[in-house]
Every structure is written in structure tokens, then in C-alpha cells.
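Results of the structural survey
The primary structure of each chain is shown beneath.
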Amino acid sequence: MRNSTQANGRRPFSTRPDRKRLAGAFPLLSWVCFAGLLVPGSVFAQSFRLGGIDWFMQAKTDVAYDSNVDDAYPEEEDPFRDKADFYWMPGLTLRSAPWVTAPRTTYNVDAGVAYQDYFARNDLDTALYNAQLAFQSASPRLTLGGLAGVDYAADSIAETYVPGGVGRDPTLTHRENGFASLLYRGLRMDARAGFTSERHDLEKYWEGDNDETVFSVGAQLTPLSKLILHAAWDKSITLFTLSGDETEETGYAAGATLNLFSWGGLYYDWERTITVEKKTDATDEDTTTTFGVRGTIPVELLRHPQLSYSLGLAYEEETQDSGEVVKTWEPVHTLSAIDDFQISKSFRLAGSATWKSEVDTDEISFTYDFLLEQQLGPNIRHALTFSQEPEATFGSTTETKTTTYGYDFRWNNLLVQNLSLKFNASYEESTPLEEENAETEKTTMVSVGLNHVRPLTRKLSRIISYEYTRESSNFHDFGAQEKHLAIYGFTYDF
């Protein structure tokens, strides 16, 4: 195993793409794409056909102004970096129509490339790309499939703030997986195998670099019309390349369901999980047996609301690090209700509630939400929303109690065709339940946006959009986080 770092703090070698080399190649591609947008009828008149396959290509370029590129609150801003900046982002996407290479076997290709180029904040310049090949072969009893792909993205890290820079995490991900499914009379068998490799560009995220291999096999048998038997095995091996830590987790499961009535029946589930830390040889075993009754109350007995339930007992055996086996019996409950009322032609009321207790996590949660929606016309709607998790009166042990109130407004075809207006406001209170006298975070979020799409030709469209967002929190004393984002762009379908 190679060392993770050298004396200078850099890796001895890396499989990551050379961003400078990529950055040098993308401007040429960008100008080619942009030239194609400006001359829609000369070269790219339609999608092309290659090797007997139909291909669909779209070019896109955006020029944008962002008043808060770091999405930072005032106290988080770096005085030595530009808070606002312009950027332009050309891109090209390519996909294939499904093509058949053998009876009942199809392939699909999907790929894309883009470059986000900031005028002043060159530290945020990013080359993005993705490619994927998928196939599936189906016969009356056996189905085979799989995919292989690569993705380089720079998703933002919502819970991470990096002083002087946006909390982004450029990551290169490789994925390969395959599956097989066999169906024979009352028997169904499934098998999957997959590999995922994740590499982060920024050194502060290198601890997350990992290789994960997953295997799973499952079977379901219906020997009788009311009896269903199932069994499964899965194994995952995760290697963190920087530290060398390797975790192996193996799971076994089996069970049966006996549908005695139209509204439900009896169930029995058995699960065992074995987790091994390869570096320390530490082993953790957890076995849970659950049995009871579950189902859904039929509409004939209870029209409103639609009620689903699962009631039973769970027996758990957990092996501690000391070797001691802890045995517990616990009741388990899951009750959920969902309903949707069309009060009138323009008013709709919807809601759901779920109460859940699980022995393996020792958690009880009660979550509910409501939606009151009104259609003001063919193009205008607005809605009030409310959600809360959990409700203390039901003995919830979830770590945080969150209550959210929201209002949403949409107006399509505002004044002119394809001009849309959106407005959203929400207020959220979040309180940690495990801390004594914990302070409640109160967050207010407001966003308003306009978007207009205008077809210039049969293949060329222009997009103009503007969005203003404002977020304020009592945990930030120097003002709210505000952002103006204006985008002017073109898309061209070849």
C-alpha cells in the first residue's frame, strides 16, 4: 500500500485529471460551441446518425452575474477576495437513442462536458464532465444489465463553510455495476455487484477518498397465494485510501409474510449484521428478530385517511466490544396516514403523518405535514405548507425538533408567453432535543425569481433568468446572507 502523502503534503501520484490541462482544452471547445449557437442553420441542422444509431446533441452557454459567489454571511466574507463576480459556462451534451445489438438487448450512451469560467475568482474555475454507458438484455425469465460511468462534479457542501472560499467539493467518481434477475413461476432471484471510486480534488476533503465494492443476492418465493418467503445476503467493503482504514459489513436477512386478510396479515423478519474494522480487527454483531402484523386498511372500511400500520415485537442481540451479548425485547410500531381532499374546484388539502419506533436505532419519531393549495387560474397557483418532526407528546427521541412554515407562489405565462414568476418564503425553527436549555435556531428564507424562455428558431432558444435569495438566522449577528443571480444564455439542439 502506498503512502498517502509526502513531506511536502502532496500525494506522490494521482489519478485525478490535470485541471490546468483540461482548462486549456475547454476554451477552444467553448468557442466552437458558441459559434454553433450563433450560426444555427449553417452547420448543425439536425441530430446525426452514426453507426446506425441516432445521436442527439445540445450545446449551451450561459453568461451570469453572481453577487455572492461564496454563499456567505457577512461575517464569513474574506476581504481579500471578490464577493461578486461574473462567469460564463459553455457546455455540450450528447446522448444516444436506445439501440439494439441483439434480440432484446439495448444500449444507451449519455455524456456531457462544461467549463465554468469566472472573470475574477479564478480559484472557482471548474471543468465538469460526465459519461455513462448502460445496457440491458431481457428475456422472458432472465434479465441482465449494468452500467459504467465517470462523473466529475463540483457540488457545494451545504454544511461546510470554508473561510475565503466557497464550500465546494470537486470530486471525480467512477461507477461500475451489473445485475441479474431471474423469474421462474413463483420464484424470483436477484444478484448485483458494483464498484464505486471517489476522489476529491481539494486536500481538506482527501479523508473522504474511498473505494467501495458491494455484492448482494436475494430471493423471493411464493409457494402459496397468500404466503411470501424472502432471503437476502449483502456485503460491502469500503477502503479509505488516505488512512488505509477498511471496513467490511456483511448482512443476512430472511423472513415470511402471510396475507391472511385483504387488509394485511402476519410477518416475520430476521436480520443479522456483522461489521469488521480490518485495521483493528474490531467486530460488531447485531441480530434482530421482528414479528407481528401489518397491512393497509381498505377503502371499504375506512375511506379517509389511507392508513398503513406495522405492529409487532423485536428481539435484538448485540455483541459489545468486550464480548458481552446484550439481549433486549422491544415493541415496534409504524403508523402512517395520508390523505388528499379536493375541497372545491380550486382548493386542495393534503397531509400525511407517520409515527415510527425502531428498536435497532432506539428512536421514536412522529412527522406530519400539511398542504393547502389554491389554483387561482390556469397559470397561477399558491400554497401554504407546514411540517414538523417530531412531536414531543408522542415520546419522540429524534435529536432535533424541526418546525417549518412555508408559502409558495407560481405564475406561468406572466404577461407574455413563457415568462414565469416564482416566490417562496419559509420560516424554520430547529431545536436540539438532547441538549439541556438548547438554543433554538430560527431561520427565515425568501426567494423570488423570473425566468423567460424564447425560441429564436426551431432549434435555438434564449434563456433569461433572475433570482434573489435572502436567508437570515439568529445564529448570525452581522446581517443576512443575500444573493442576486442573473443569467443570460442560449441552448441549441442540433
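Residues numbered from 1 in each chain as written. Predicted model: local features only at pLDDT ≥ 70, side-chain atom pairs only at ≥ 80, totals over all residues. Heavy atoms only, no water.

Once that is clear, we can look at the overall build of the chain. Tallying secondary structure elements over the chain gives one helix and 24 strands in all. Here the chain holds 494 residues, and 31% of them are scored as buried. Taking as baseline every contact in the chain between residues at least 6 positions apart, the subset at least 24 positions apart corresponds to 50%. With an accessible surface of roughly 29,100 Å², the chain has 57% of that area assigned to carbon and sulfur atoms. (Helix = DSSP H or I, 4+ residues; strand = E, 2+ residues; numbered from the N terminus. Buried < 20%, exposed > 50% of the residue type's maximum accessible area, 1.4 Å probe, protein only. Contact = heavy atoms within 4.5 Å. Areas by Shrake-Rupley, 256 points an atom, 1.4 Å probe, with all protein chains shown as cover.)

Ranked by size, the top nonpolar core spans seven residues in total: M57, A59, L92, L460, F490, Y492 and F494. Contributing elements (two or more residues each) for this core: β2 (53–66) and β24 (481–493). Judged by nonpolar contacts, the second largest core, of six residues, contains A64, V69, Y118 and L485. (Core = buried A, V, L, I, M, F, W, Y, C linked by side-chain atoms within 4.5 Å.)

This model, assessed by the stated rule, comprises 15 aromatic pairs. Ring geometry for Y129 and Y152: centres 5.5 Å apart, planes at 10 degrees, overall stacked. Placement of Y129 in strand β6 (residues 126–138) and of Y152 in strand β7 (residues 142–156) is noted, with a sequence separation of 23 residues between them. Overall, the relative accessible area of 3% leaves Y152 in the buried class. When the centroid spacing of 5.1 Å and the interplanar angle of 50 degrees are considered together, the rings of F386 and Y405 count as tilted. Note that F386 is positioned in strand β19 (residues 380–389) and Y405 in strand β20 (residues 400–411), a separation of 19 residues in sequence. The partly exposed category is assigned to Y405, whose relative accessible area is 44%. (Phe/Tyr/Trp six-rings, centres within 6.5 Å; stacked < 30°, edge-to-face > 60°.)

This structure, assessed with the given rule, holds 22 salt bridges. Where D211 meets R199, a salt bridge forms, and the shortest distance between an N and an O atom there is 3.1 Å. With D211 in strand β10 (residues 210–224) and R199 in strand β9 (residues 187–200), this residue pair connects regions lying 12 residues apart in the sequence. Judged by its relative accessible area of 17%, D211 is buried. You can call R199 buried: its relative accessible area is 13%. For D408, the salt bridge is made with R381, and the minimal N-O distance between the two is 2.9 Å. With D408 in strand β20 and R381 in strand β19, the pair connects residues that are 27 residues apart, well separated along the chain. Here the residues in one salt-bridge network are D340, R348, E373, R381, D408 and R410, joined through shared partners. (Salt bridge = Lys/Arg side-chain N within 4 Å of Asp/Glu carboxyl O.)

Where β10 lies against strand β11 (residues 227–240), 13 bridges are found, and the strand directions are antiparallel. Each residue of the ladder has a partner; that of Q220, found in β11, is H230. If you look at the hairpin formed by β10 and β11, you'll find two residues sitting between the two strands. Direction of pairing for β11 relative to strand β12 (residues 246–261): antiparallel, over a ladder of 13 bridges. Counterpart to I237 in the pairing with β12 is E248. Between β11 and β12, which pair antiparallel and follow one another directly, the connecting turn spans five residues, one of which, G244, has a positive phi of 85 degrees. (Pairing = 2+ DSSP bridges.)

Attention now moves to the environment of V299. Residue placement: V299 occurs in the loop between β14 (282–296) and β15 (306–319). Owing to a relative accessible area of 47%, V299 belongs among the partly exposed residues under this scheme. Residues V299 and W263, 36 residues apart in the sequence, show an inter-C-alpha distance of 9.6 Å.

So, about the pairing of β14. With 14 bridges joining them, strand β13 (residues 264–277) and β14 adopt antiparallel strand pairing. Paired with D269 across the bridge in β14 is T290. Connecting the antiparallel pair β13 and β14 is a turn made up of four residues, with D281 showing a positive phi of about 60 degrees. Sheet topology places β14 next to β15; 12 bridges connect them, and they run antiparallel. Across the sheet, residue T289 finds its bridge partner in β15, namely Y315.

With that out of the way, let us pick up the environment of Q132. Along the chain, Q132 turns up in strand β6. Residue classification places Q132 among the partly exposed positions, given a relative accessible area of 38%. Residues Q132 and R175, spaced 43 residues apart in sequence, show a C-alpha to C-alpha distance of 8.9 Å. Every residue in contact with Q132, bar those within four places of it in the chain, is listed here: N108, V109, D110, L147, A148 and G149.

Along the chain, H382 falls in strand β19. Among the residues examined, H382 registers a relative accessible area of 19% and is labelled buried. A sequence separation of 26 residues divides H382 from D408, and the C-alpha atoms of the two residues are 5.4 Å apart. Not counting residues up to four positions away in its chain, the partners in contact with H382 are L372, E373, Q374, L376, Y407, D408 and F409.

Let's shift gears to the side chain of Q388. Along the chain, the position of Q388 falls in strand β19. By relative accessible area, Q388 is classed as buried at 8%.

The next thing to look at is a nonpolar patch on the surface. A surface patch of nonpolar side chains, amounting to about 460 Å² of accessible area, comprises F135, L142, L144, L182, Y184 and M189. For the nonpolar patch, the secondary structure elements donating two or more residues are β7 and β8 (168–184). Within the secondary structure, L144 is located in strand β7. Residue L144 is classed as partly exposed on the basis of its relative accessible area, which comes to 36%. (Patch = residues over 30% accessible without salt bridge, like charges linked within 9 Å, V, L, I, M, F, W, Y side chains within 5 Å.)

None of this, on its own, says anything about what the molecule does.
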